[in-house]
Amino acid sequence: MKRIIFSLFSLLIVFSAFGQKDNLKGFSRTIDLGSKTYWVSDGTLCLGYRLIAEKDRYSSVFGKFPAYGLIDGDDRLIIPCECAAIDVNYAKGCILVFRSPKGQKRLTSARYGLVDFNGHTVLPPSISVKAFNMQNPDKKVWKHYDKLPEDVKDRCIEVRKRKEALFAQKMGNPSGNTAPQQAPQAAPQPASTNVAENTNAKAPTNVAVQTTLAPTSDVDINIPMTESKANDTFVLIIANEQYSFVDNVDFALNDGRIFKEYCIKTLGIPKRQIYHYENATGGIMADGINKIVQAMNIFDKSRAIIYYCGHGIPDEHTGDAYIIPTDGKGNNVASCYPLSELYKKLSDSKAANITYFMDACFTGANKGGSMLVAARGVAREAKKETLSGNTVVFSAASGDETAMTYKDKKHGLFTYFLLKKLQESKGEVNYKDLAEYIQSNVKKESFLTNEKLQVPAIMVSDDVKNNWGKLTLK
């Protein structure tokens, strides 16, 4: 009986820590991210970061509670809306999250974890804190943090510094100015945001802000600008880097973000016509695909560009190719998205033409060359898909080859040379020249850098087999 009474008392303390479930005071407007609409907080935590909220996401015996996420100053999703609490430790370069593992929506199953300022997992959400410690979990969480390797902690600080430098540039600080700058203070959060007060969440004052940011690659800077507008073009970008059940994909987020910059600046595609998803789960991926299909059916004679960077895998029995979402499992294709379904949905739409850039292989190998599923000892060539409509597919690799990374450039090998050609040509390149450039350079660099053969493949539908080479992105 005492145990039951104590448990009920603990639950009351837990839920009293979260305040009123329906109170979203301080969230006065909404924002569309992908195919969903979220509430946005009025104040910033630091460096332009703001909370977003989704009502009635978490369930409990006491009713429904909101879930929270985080966006940066450019409205890019940093943390999905799946947290019961979010707090920023500026000094450590970490964001403390309180969320349910594996997408569960029960508040009682939520655990503490840490992510960096890019939203990458530092500590998975597996740290439980007793009910009476809910408002001050720091001691237990940071004990786990202290045990992390120094290089992991250094990376967290480095990510925060890079965000700090980008924010300083955005706010108009001249490049090279080393005068001390005062970093923005964390805005007071409404009681309903479930953000525990933490003095570490505030940026320190009198901190010298690094205003020069060394580029990670030559294609990340000097991106050509165009004055023309491609109002008839829509883009879907899915960049999956952080996976729950298979290896991560190095540089995928950077690939997607820089490709988006080229779409906007070089190809002249309006920002609102670009649907950009990072670390997309199966549900989010399906929503994004459905959204661009809807756009093709609403806007007559529009063009679609699909860019995917992440893992792919074949069905070991049929050879059918699948895209692996971040919550997908390599040994269960039912948790993945069929490539044939993606092709069919777009080809069945009213799209004037469809172009795919697939920086992935569908052999079951990761970008390091090892197998996604340990039980599979060798890579398998996926079955070639039948294309219809006015469709062109640029794939990173052929047959049973692996799509590799270009570590020195912080990009996928295929994506780097795609971006390089867009940079050199200012986007004025036809598909034939683009294909030859990518194939030639990827093949050579893969041999020199990775000592492996990687030859990008070009697939076209019968409808465009005679004129695909003359098509352009602009």
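Fair warning: this is a prediction, and the values are worked out from it, not measured in the lab.

(A) Molecular detail of the overall build of the protein chain. Counting secondary structure elements, the protein chain contains eight helices and 19 strands. Across the 474 residues in the protein chain, those meeting the buried criterion constitute 53%. Restricting to contacts in the protein chain with at least 6 residues of sequence separation, those with at least 24 account for 66%. For the protein chain, the computed accessible surface area is about 22,000 Å², with 50% contributed by carbon and sulfur atoms.

(B) Structural context of the packing of aromatic side chains. Per the counting criterion, the structure on display carries 16 aromatic pairs. Look at Y406 and Y416: their rings are 5.2 Å apart centre to centre, the planes differ by 85 degrees, and that puts the pair in the edge-to-face class. Pair noted here: Y406 is in strand β17 (residues 405–406) and Y416 is in helix α7 (residues 413–425), with a separation of 10 residues, a long-range link. Residue Y406 shares its accessibility class with Y416, and that shared class is buried. An aromatic cluster of three or more residues is present, and its members are F259, Y307, F357, F394 and Y431. Lying across the ring of W142, K92 places its NZ or CZ 5.1 Å from the centre.

(C) Just unusual backbone geometry, in detail. Even without being glycine, K301 reaches a positive phi, approximately 55 degrees. Assignment of secondary structure puts K301 in the loop between α5 (282–298) and β11 (303–309). For E451, which is not glycine, the phi torsion reads 55 degrees and is therefore positive. As for its placement among the helices and strands, E451 is situated in the loop between α8 (431–450) and β19 (457–460). Owing to a relative accessible area of 69%, E451 belongs among the exposed residues under this scheme.

(D) Looking closely at the environment of A334. Structurally, the position occupied by A334 is in the loop between β13 (321–323) and β14 (337–338). Assessed through its relative accessible area of 70%, A334 is described here as exposed. A sequence separation of 19 residues divides A334 from D315, and the C-alpha atoms of the two residues are 9.7 Å apart.

(E) Up close: the side chain of T226. Along the chain, T226 turns up in the loop between α3 (150–170) and β9 (233–239). Polar side-chain contacts of T226 include one of 2.8 Å to the side chain of S228. Engagement of the side chain of T226 in a polar contact is seen with the side chain of K474, the distance being 3.3 Å. Leave out the neighbours within four places in its chain, and T226 touches K265, T266, L267, G268 and K474.

(F) Quick peek at helix α6 (residues 339–347). Residues of α6 that are buried include every one of L339, L342, Y343, L346 and S347, and no others. Buried positions in α6, seen along its axis, are confined to an arc of 120 degrees and lie on one side of it.

(G) Spatial organisation of the pairing of strand β7 (residues 111–116). Here β7 lies mainly inside the structure; five of its six residues are buried. For strand β6 (residues 94–99) and β7, the ladder comprises six bridges, and the chain directions are antiparallel. If you follow R99 over to β7, its bridge partner there is R111. Here β7 runs beside strand β8 (residues 121–127); their pairing, made up of three bridges, is antiparallel. What sits directly across from Y112, in β8, is I127. Linking β7 to β8, which pair antiparallel, is a turn of four residues; within it G119 sits at a positive phi near 85 degrees.

(H) Structural context of the nonpolar core. In this structure, F259, I323, L346, Y356 and F357 are the most contacted members of the largest nonpolar core, which totals 79 residues. If one sorts the elements of this core by residue count, α7 sits on top with seven residues. In this view, F259 contacts V235, I237, I305, Y307, F357, L418 and L419; residues no more than four positions away in its chain are not counted. Grouped together as the second largest cluster of nonpolar side chains are 20 residues, L51, I78, Y90 and V97 included.

(I) The packing of helix α4 (residues 252–265) against α7, seen in detail. Between α4 and α7, the least distance of the axes is 11 Å, while the angle of their chain directions is 20 degrees. Here α4 lies roughly parallel to α7, going by the angle between them. In the packing of α4 onto α7, the handedness of the crossing is left-handed. For the pair formed by α4 and α7, the contact residues are D255, I258, F259 and Y262 on the first element and T415, L418, L419, L422 and Q423 on the second. Split into classes, the residues belonging to the contact of α4 with α7 amount to six nonpolar, two polar and one charged.

(J) Representation of the sheet that holds strand β12 (residues 312–314). Spatially, three strands are ordered β12-β13-β14 in an open sheet, and the strand pairing comes out antiparallel. Here the strands that pair on one side only, and so sit at the sheet edges, are β12 and β14. Note: β12 against β13, three bridges, orientation antiparallel. The residue of β13 that forms the bridge with I313 is Y322.

(K) Local environment of the confidence of the model for the protein chain. Summary statistics for the protein chain give a mean pLDDT of 78 and a share of 75% for residues scoring 70 or more. Per-element confidence in the protein chain ranges from a low mean pLDDT of 37 for helix α1 (residues 2–16) to a high of 98 for β11. Within the model, the stretch residues 1–22 combines pLDDT values under 50 with 28 contacts to residues more than four positions away or in other chains. Taken together, the stretch residues 368–380 has pLDDT below 50 and engages in 39 contacts with residues farther than four places along the chain or on a different chain.

Parameters at a glance
Residues numbered from 1 in each chain as written. Predicted model: local features only at pLDDT ≥ 70, side-chain atom pairs only at ≥ 80, totals over all residues. Heavy atoms only, no water. Helix = DSSP H or I, 4+ residues; strand = E, 2+ residues; numbered from the N terminus. Buried < 20%, exposed > 50% of the residue type's maximum accessible area, 1.4 Å probe, protein only. Contact = heavy atoms within 4.5 Å. Areas by Shrake-Rupley, 256 points an atom, 1.4 Å probe, with all protein chains shown as cover. Phe/Tyr/Trp six-rings, centres within 6.5 Å; stacked < 30°, edge-to-face > 60°. Lys NZ or Arg CZ within 6 Å of the ring centre and 35° of its normal. Polar contact = N/O pair within 3.5 Å; in protein donor to acceptor, adjacent residues only side chain to side chain. Arc of directions from axis to C-beta. Pairing = 2+ DSSP bridges. Core = buried A, V, L, I, M, F, W, Y, C linked by side-chain atoms within 4.5 Å. Axes fitted to C-alpha atoms, helices over the stretch in contact; angles between N-to-C directions. Parallel < 35°, antiparallel > 145°, perpendicular 65-115°, else oblique. Left-handed = near helix turned anticlockwise from the far one by under 90°. Nonpolar A, V, L, I, M, F, W, Y, C, P; charged D, E, K, R; others polar. pLDDT = per-residue confidence, 0-100.

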